[in-house]
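Analysis of the macromolecular model
Here is how the chains run, residue by residue.
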Amino acid sequence: MNGQDEGEAMNSRAWKWALISAPMALSVSACVGWGGYPQAKNVHASQLVGTWRAQDCDTTLTLKADGSASATGIPTDMDLNGKVLHRLSGDGTWDIYESGAEQELDVTVKDEETPFNFYRDKGHLVVGLTVGDPDDMNRCVLTRQSRPTHL
């Protein structure tokens, strides 16, 4: 083989390996969960009451035990670079929606419902929001900042 043939054979092997390993990598990442966070299960309303924040998205969500909510800066649209194009703020309601074993947090502000998912980060519950097309990977991770003292 000359140098060019060896290079083409290496390229061919590299492509074959990439085609074989890509589905494996995707299936492993799917097991890890959204953004590397595993999905949380059996979340109860009492675990959600309090104030949640996502500094990277400049979002604050306060969930009260009576089902009322207030939100500041929930991103509803982002460009491909992660720049927020539209935000939702105001008072509304929240509830846990359940479908079989799947759960999500639904927050409604100004007649616009926003679904959040539940994940774990080092054993702690986090609330995740995917903004727009999931393939764009625009995500906000909200962590609890405070809990009411009168629970």
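Just so it is clear, the model here is predicted, and its values are computed rather than measured.

Each value, and the rule that gives it
- Residues numbered from 1 in each chain as written.
- Predicted model: local features only at pLDDT ≥ 70, side-chain atom pairs only at ≥ 80, totals over all residues.
- Heavy atoms only, no water.
- pLDDT = per-residue confidence, 0-100.
- Helix = DSSP H or I, 4+ residues; strand = E, 2+ residues; numbered from the N terminus.
- Contact = heavy atoms within 4.5 Å.
- Pairing = 2+ DSSP bridges.
- Axes fitted to C-alpha atoms, helices over the stretch in contact; angles between N-to-C directions.
- Polar contact = N/O pair within 3.5 Å; in protein donor to acceptor, adjacent residues only side chain to side chain.

Examining the confidence of the model for the protein chain
The predicted model of the protein chain has a mean per-residue pLDDT of 80, with 74% of residues at 70 or higher. Here helix α1 (residues 3-32) is the element of the protein chain with the lowest mean pLDDT, 44, and strand β2 (residues 59-63) is the one with the highest, 97. In this model residues 14-32 is a low-confidence stretch, pLDDT under 50, and it forms two contacts with partners more than four residues away in sequence or in other chains.

Details of the sheet that holds β2
One closed barrel accounts for eight strands, arranged β1-β2-β3-β4-β5-β6-β7-β8; its pairing is antiparallel. Put simply, the sheet's adjacent strands are angled 40° from each other on average, direction ignored. The pairing of strand β6 (residues 112-121) with strand β7 (residues 124-130) spans five bridges and is antiparallel. Along β7, the bridge assignment pairs Asp121 with His124.

Brief notes about the side chain of Thr51
Take Thr51: it is sitting in strand β1 (residues 50-54). One polar contact links Thr51 to Thr62, side chain to side chain, over a distance of 3.3 Å. Thr51 has contacts with Thr60, Leu61, Thr62, Thr143, Arg144, Gln145 and Ser146, leaving out every residue within four places of it along the chain.

Some remarks on the pairing of strand β8 (residues 139-146)
For β1 and β8, the ladder comprises three bridges, and the chain directions are antiparallel. By the bridge assignment, Thr51 is partnered in β8 with Ser146. Where β7 lies against β8, five bridges are found, and the strand directions are antiparallel. Across the sheet, Val126 pairs through a bridge with Thr143, a residue of β8.

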